[in-house]
Each structure stands twice: as C-alpha cells, then as structure tokens.
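The primary structure of each chain is shown beneath.
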2 protein chains.
Amino acid sequence: MNYRQVSFQEKMLELFEEIKDEMAIVERELQATLQTPDPFLTETSTHLLKAGGKRLRPAFSLLGGKCANFHLERVLPLAVALELIHMATLVHDDVVDAAMTRRGVPTIKARWGNRISTHIGDYLFAQSLILIASYDEPLIPRVLANTSVKMCEGEIQQISGSFDTEQTVKDYFYRINRKTALLIAASCQLGAVACGAPKEIHFALRRYGHNIGMAFQITDDILDLVAEQRQLGKPVGSDLRQGIITLPVIYALEHSPRRERLRTLILSRDKNEEQIQEAITIIQHCGGIKYSIEIAEKYIWKAKGALRNLTSRPAKKILEAIADFISIRKF
Amino acid sequence: MNYRQVSFQEKMLELFEEIKDEMAIVERELQATLQTPDPFLTETSTHLLKAGGKRLRPAFSLLGGKCANFHLERVLPLAVALELIHMATLVHDDVVDAAMTRRGVPTIKARWGNRISTHIGDYLFAQSLILIASYDEPLIPRVLANTSVKMCEGEIQQISGSFDTEQTVKDYFYRINRKTALLIAASCQLGAVACGAPKEIHFALRRYGHNIGMAFQITDDILDLVAEQRQLGKPVGSDLRQGIITLPVIYALEHSPRRERLRTLILSRDKNEEQIQEAITIIQHCGGIKYSIEIAEKYIWKAKGALRNLTSRPAKKILEAIADFISIRKF
C-alpha cells in the first residue's frame, strides 16, 4: 500500500478558504471568551487554544449555517461553544491518559497537574454553556446536552473496554459514534438550526456529520497504526499501547491466522517498540487496514448521499470536498 | 467555648419534614436518571448517590418553589439537576485532592481511579444539562451556566491560592461565594422561577440562598478546625493540611501575636498531627474562631432579612429555621 503524505492542516485551510474570514472571527471570539481578570486562569484556560488546532467543529457549524439563511452572529456563539466543548474533552482526556504533549506542546496536565486540568476542562465546558444558553431555539441546548451525555458514555466504554479483545465491530461503532461522530453531527446540524433551517435541511446535515465523523475516526484509527510518527505528532501504535481496540485490530483478531499471537501482544501491558511493530504487521497482513479503509469509504459515500437533496451552493461543495479529502487523506 | 454535638443529618430531616414526600420523589428520580443499560456505567455513576447525602440543594429548590405557585413536576427536573451538578463537583474534587473516602465510603477515585472519576463527573454534569434543557424559562439555564463558570473559577482560585498566606478576607469571600454560595443561591431562586415566581420573590430567595451559603461554608471551615473527627467524618485540620486558607486562619495571620509561627506551620508541606494541633491552638487563642462565628452570624441575619417581604407560609418558616439551625450547629 502507498501512504501518500498530504499536509492535513494545509489542505483543510484550502477547503476552508470560503469561510476564512468567519473562521478568523471565531478565533478572536474564542480568545475573547477566555479573557478574565485572573491572569492564572487566563493563562491555563487559553493554553490549549494557543496551541492551535483545526477548529473542525466551528467550521462545520459555519458550513451548516451556510446551507440555510446564514448570519454570522447567529452561528458565532454556537461555533465558539462547539470548540470549547471539544477542548474540554481534550483537556479531560489528558488527565485521564496522563498524556504529556498535545498539538506539539506540553499539555495542561503536564504543566500544571491533574488538579488544574480537571477544573480547566470543567471551566471550558461551563463557558460553552453560557453561549448555548443565549439561544432561544430549544433544539440547540437539547441536542448538545444529549451529545454531552453520550460522549461521556463513549469515554467510559473506551476505558471499561480497554484491553478487551472480545469486543465486536458493533462495540467499536458505538464508541466512535459517541467519541467523535455525535459532536460533528451536532455541529453540522445546529449551525443550520441557528440559521433557521427547516427540518429536512438540518436533519440531512446531521446525517452528513454523523457519517463524516465516523469516517474521520476510522481514518484516525488507521493512521495511528500506519502513519509516520512525524506526521502523526505522536508515536505510532499509541492506541495499542493504551489497550484501545480499533477497527483494524478487531478485524485482525477475527481473521488473522496469527490472531492468537496478536491477542497475546495486545494483552501485554508493557509493550516494547518491537512488539508494537509485530502487532501492526499482523494487522496489515491479514487485510485489517484495507478492510477499515473500505468501511471508511462507505461512510464517506453515505455522507455525500446525505447532501443529495440540498440546494447546490458553495457550502455544499465544500462539505462534499471535505468528504472526498478524508477518503484520500494520507493513504 | 462549648461545642455542642448535634446530629446534622437528624436535625435536617426534622426541618425537611414538610417536604419529605417530595424529597423521596427527588431521590427516586435521581436513581432513575442514572439507570442505564450499561451495568458498569450505572454502578460507577450511582456510587456516590448511594452513599447518601443531605440533598440540600434539591431541598432548597423545593422550598423556593413553595414560596411561589408550587407544582412538584415543575421543580423536579431542576431539583435532580442541582444534586447532579453538586455530585459532579464532589467527584471532580476527589480526583483533584486524591481523597479516598467521602460520606464514609471509598470515593469513585479510590475504587476506579482518576480516569473513571473524571468521566463520571462529566457524565453526572452532562445528565443535569438534559434536565435543565427541558425548561422553556431561559433564566434557568442562564443562571446555572453562569454559576457553573464561577464555581470553576472558585476551584481554580482555591488551588492557585493554596499555601498563600498573603490572601485577604476578600479573597476568601470571593472563593466561598463561588465554591458554595452561588449554587445554593441558584437553588433557592430557580425553584421559585420554575414555579412562576415574580422577580421580587425569586431575587429575595436568591439573596437568602447567597447568605445562607456563605454562612454554611464559614461554619464548615470553622468545624474543620474545632469539631471532633467522628463528627466531621474526616480528620480535623484537613484544610490546613491541603494549604486551604480559611477565614479563622486569615484572621489569625493578621491578629495573632504568634502569627510568624503560624505562617511557618501553614507553609510546611508535611504537617504532623502535633503541628496541626499547634496551628489550631494559635488560631483559637487569638479569637479567630470567635471572629468567624460572628461573621457567619451576620450572614445568617442577612439571610433572614432577605425573607422579610415574603408572605408567611410553612416554606418561609422552614427557610428561617434552617438559618437558625446553621447559626447554632455544633458550637
């Protein structure tokens, strides 16, 4: 297989050209929301923000809004809230996994410890609630409240299911839907809701977001096994190290002739580099990567299908281009 | 000084006699909200719930509602949400402080580790959002969003201000308002809001709740220094151990002739039992406890004053009785 190197960040910027002015305003609003009179609070809460990030969820909400009667001021609080929710989950993930770097810089946990990061995660999330509470449209807080509960369920399932080699493809889909797809679905849908879209439009966008989110996470899970460390910004095989069983692994545990050896490798708590490489080789040789790429492609096809009945406009074209981009990215 | 032993739990039950049927329904609803098809999630998320607790915030919301046009079904989601928010903060506090028991049983952190408790705290909080999002009255989500942000600010200030012997009474009031008073104020106010109370009633209840909350926290901070371990359910002087500087300590650091010795004792990171006792003696001898009791009494007086213009009814009498009870409890 040939893993093409594409700079994700650059390609995304290209796709987001159409909304780059609005994205700059989202960025300024994010900064402004986290300015407080307490210098320590401002420093800790903007730490992750300053490290950058793709701002995928705000972008999806803007594009969702652009499939309806777009007014920036209607989507802006939502766009900022979505990124705050996402950042809150990242900060709490860092508490949990004892991660020491994220987006190339030391994590809040690494710099200030678990106590501060727990509360900064809570703080970022709480700030999002103020923005969400500014909407009169009840669907926005309701969808986000449900999404938040399900995201936590996904995190807990990921922990209780770690190192569990009996889990099924169904368990995996349940988990990545909660971990990734639901918030992206909500971003696409609620951007449109904020701009007064009728049901048939915001439901279609939700379906698009769900399928894109699923494809996105499957792709990420594949890259964790086959990308270059430099490209990934973290060591290859970090899911295997943490006992997180992803789609290629589940496939290999069912289909590889060396599945017993793979199980042993996965269950070993202290894997060395060589064991990680051996596990990856087993997964690749039995077609676990190829199978997962096919599943991701199916989700991308469904995502594009969800847009079918939407009026043709620049935002729709970008959403389609994002789908195409995810399908080719890095392999 | 004579520290009378009163069973807090029993006295509270007596005060809550008027609302005991409603409180039983709140309890059932709390249980029902946390039932899920995932046995591990249900077990971890109901762990703290099962350990009991006074359910003060639900009780305040019911009493607030009873100062207006009370209908249980209008207050119930709020009452449950308030306890979930409170429990979420307790679970996250346990991550932070590495506490091993709470309410006499092992904490979630002690039983399942930091990873699970971080996500269970998030989960409990997210569940509260579903309940809050069911209200059409926008004041309810707005007040609770603002309260949540400020509660986090208080937690962060408590951490960044720990072992800081320069902090002032003003810093202390800022912190305990955020840590305790705001959520109690919101409980009293929003119970009334949920039952359609006009501004003058729910604002008065908010003022009552604020002042009761302040008195409550000051009393707790006094008890941490002077109660019996058995009565407290945790070792005496635990705030001193963690470097949390409370009102009696701030007073002593300003007024005690032995303030330099006290400062040294506070700044020592590994205090033994003897040093804790020596610090407490210094605080008591210079009148730090007496001063703090007087401040708590002032808040109680203000709390009762806030109720002055409310129509006389059983709920008002109970709120007054709670104020009186806090003022005498345990000293």
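Since the model is a prediction, treat every value here as computed from it, not as a measurement. What you see as residue numbers is a count from 1 along each chain, following the sequence as written. Here the convention is simple: chains get letters from A, ligands get numbers from 1, in the order in which they are written. At least 70 in pLDDT is required for a residue's local features to be given in this predicted model, at least 80 for side-chain atom pairs to be given and counted, and no such filter applies to totals for whole chains, interfaces and linings, which use all residues. Processing note: side-chain calculations cover all non-hydrogen atoms of the structure and skip hydrogens and water entirely.

Considering the relation of the copies chain A and chain B
- Alignment of the copies relies on least squares applied to C-alpha atoms, considering only residues that score at least 70 for pLDDT in both. The two copies are related by a screw operation: chain A maps onto chain B through 180 degrees of rotation and 0.0 Å of translation along the axis, at an RMSD of 0.0 Å. Here the transformation between the copies is reduced to the relation of a two-fold axis. Closest approach to the rotation axis among the C-alpha atoms of chain A is made by T118 of chain A, whose C-alpha sits 3.6 Å away.
- Two residues form a contact once any of their heavy atoms are found within 4.5 Å. When the interface residues of chain A are mapped onto chain B, 100% of them are again interface residues, pointing to one common binding face.

What about helix α7 (residues 139-160) of chain B?
- The end-to-end C-alpha distance of α7 of chain B is 31 Å, a good match for the 32 Å that 22 residues give at a rise of 1.5 Å each.
- To sort residues, take the accessible area from a 1.4 Å probe on protein chains only and compare it with the maximum for the residue type: under 20% means buried, over 50% means exposed, and anything in between is partly exposed. Only runs of H or I of at least four residues qualify as helices and only runs of E of at least two qualify as strands under DSSP, and these elements are numbered from the N terminus. Of all 22 residues in α7 of chain B, 16 are buried, a share of seventy percent or more. Expected span of a helix, by definition, is 1.5 Å for each gap between consecutive residues, and there is one gap fewer than residues.

Examining the interface of chain A and chain B
- Contacts between the two partners involve 36 residues from chain A, matched on the other side by 36 residues from chain B.
- Two parts placed together each lose some accessible area; with a 1.4 Å probe, that loss summed over both constitutes the buried area. With both chains or domains summed, chain A and chain B bury close to 3,500 Å², and 72% of this area falls on carbon and sulfur atoms.
- If you sort the residues of chain A by the area they bury against chain B, R115, H119 and I156 of chain A come out on top, with a joint share of 20%.
- What makes a salt bridge here is a side-chain nitrogen of Lys or Arg within 4 Å of a carboxyl oxygen of Asp or Glu, nothing more. Our enumeration of links across chain A and chain B arrives at two salt bridges.

Notes on the packing of helix α8 (residues 169-194) of chain B against helix α9 (residues 199-226) of chain B
Residue and element names in this part refer to chain B.
- Comment: axis = line fitted to C-alpha atoms, over the contacting stretch for helices; angle = value between 0 and 180 degrees taken between N-to-C directions. Where α8 meets α9, the axes come as close as 7 Å, and the angle between the chain directions of the two elements is 140 degrees. One way to sum up the angle between α8 and α9 is to call them oblique. α9 is crossed by α8, and the crossing has right-handed handedness.
- Three classes are used: nonpolar for Ala, Val, Leu, Ile, Met, Phe, Trp, Tyr, Cys and Pro, charged for Asp, Glu, Lys and Arg, and polar for all others, with Gly counted as polar. Taken together, the residues of the contact of α8 with α9 break down into 17 nonpolar, eight polar and three charged. Any angle between 65 and 115 degrees counts as roughly perpendicular, while under 35 counts as roughly parallel, over 145 as roughly antiparallel, and the rest as oblique. Crossing handedness follows the turn of the near helix against the far one: under a right angle anticlockwise gives a left-handed crossing, and clockwise gives a right-handed one.

Here we look at the confidence of the model for chain A
All names here are of chain A.
- Predicted confidence across chain A gives a mean pLDDT of 90, with 90% of residues reaching 70 or more.
- A score from 0 to 100, pLDDT tells how confident the predictor is in each residue. Helix α12 (residues 247-255) holds the highest mean pLDDT among the elements of chain A, 98, whereas strand β1 (residues 101-102) holds the lowest, 59.
- Segment residues 1-5 is flagged for pLDDT under 50; beyond a separation of four residues in sequence, or across chains, it makes 14 contacts in the model.

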